[in-house]
Amino acid sequence: MTRHMHNPALMLLNDSPRLPMIAALAVRFAATVTKWERQRRSRINLSKLDDRMLKDVGLTRPEADREIKRYFWQY
């Protein structure tokens with residue numbers, strides 16, 4: 001159940017051999033919550049785009065609507 005973390009500080013903490021298990025879990029939890037918040041904000045911003053802007057990013061309205069309706073924890 002290893003997840004890749006892209007933040008260098010989180011990667012350094014996660015790879016530390018002396019990191020207590022509870023600290024490692026806290027780092028993973030923080031990384032997960034951060035990812036969920038980023039997804040939630042992205043979907044909110046996606047909902048604000050008009051059809052012309054969606055076309056610029058390569059999405060159709062039905063594709064955007066499907067993405068917007070997903071829960072924050074869904075990839």
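Structure first, text after, so check above.
Definitions and cut-offs
Each chain has its residues counted from 1, running along the sequence as written. Totals for whole chains, interfaces and linings use all residues, but because this is a predicted model, local features are given only for residues with pLDDT of at least 70 and pairs of side-chain atoms are given and counted only at 80 or more. Note that the side-chain values use all heavy atoms of the structure and ignore hydrogens as well as water. Helix and strand assignments come from DSSP, with helices taken as H or I runs of at least 4 residues and strands as E runs of at least 2, each series counted from the N terminus. The rule is simple: take the accessible area with a 1.4 Å probe, protein chains only, and divide by the maximum for that residue type; under 20% is buried, over 50% is exposed, in between is partly exposed. Note on contacts: a residue pair is in contact if any heavy atoms of the two residues lie within 4.5 Å. Each accessible area value is a Shrake-Rupley result obtained with a 1.4 Å probe; residue values ignore everything except the protein chains displayed when judging cover. Exposure above 30% relative accessible area and no salt bridge define the residues that can form patches, which grow by joining like charges within 9 Å and nonpolar side chains of Val, Leu, Ile, Met, Phe, Trp and Tyr within 5 Å. Any Lys or Arg side-chain nitrogen found within 4 Å of a carboxyl oxygen on Asp or Glu counts as a salt bridge. Between the first and last residue of a helix there are one fewer steps than residues, each counted as 1.5 Å, and that sum is the expected span. The axes are straight lines fitted to the C-alpha atoms, using for helices just the contacting stretch, and the angles between their N-to-C directions are given from 0 to 180°. Note on convention: near helix rotated counterclockwise from far helix by under a right angle means a left-handed crossing. Clockwise means right-handed. Just so you know the grouping, Ala, Val, Leu, Ile, Met, Phe, Trp, Tyr, Cys and Pro go in nonpolar, Asp, Glu, Lys and Arg go in charged, and all remaining residues, Gly too, go in polar.

Caption draft 1: How the structure looks around the overall build of the protein chain. From N to C terminus, the protein chain includes four helices and zero strands. Reading the protein chain from its N terminus to its C terminus gives the helix and strand order α-α-α-α. Going through the 75 residues of the protein chain one by one, you find that 13% of them count as buried. At a minimum sequence separation of 6, the contacts of the protein chain that also span at least 24 residues come to 46%. When the accessible surface of the protein chain is totalled, it reaches about 6400 Å², and 62% of it is carbon and sulfur.

Caption draft 2: How the structure looks around a nonpolar patch on the surface. Taken together, the side chains of Met 21, Ile 22 and Leu 25 present a nonpolar region at the surface, about 360 Å² in accessible area. Here Leu 25 is to be found in helix 2 (residues 21-47). What makes Leu 25 partly exposed here is its relative accessible area of 43%.

Caption draft 3: Representation of the environment of Thr 32 in the model. Looking at the secondary structure, you find Thr 32 in helix 2. Looking at Thr 32, the relative accessible area reads 26%, which means it is partly exposed. Distance in space between the C-alpha atoms of Thr 32 and Trp 73 is 8.9 Å, their sequence separation being 41 residues.

Caption draft 4: Representation of helix 2 within the structure. Relative to the 39 Å expected for 27 residues at 1.5 Å per residue, helix 2 spans 39 Å between its end C-alpha atoms, a close match to the ideal helical length. Residues Ala 24, Val 27, Ala 31, Gln 39, Arg 43 and Leu 46 constitute the buried set of helix 2.

Caption draft 5: Representation of the packing of helix 2 against helix 4 (residues 61-68). Look at helix 2 against helix 4: their axes get within 9 Å of each other, and the N-to-C directions meet at 145°. The handedness of the crossing between helix 2 and helix 4 is left-handed. For the pair helix 2 and helix 4, the contacting residues are Arg 43, Leu 46 and Ser 47 in the first and Ala 64, Glu 67 and Ile 68 in the second. Here the contact of helix 2 with helix 4 is built from residues that sort into three nonpolar, one polar and two charged.

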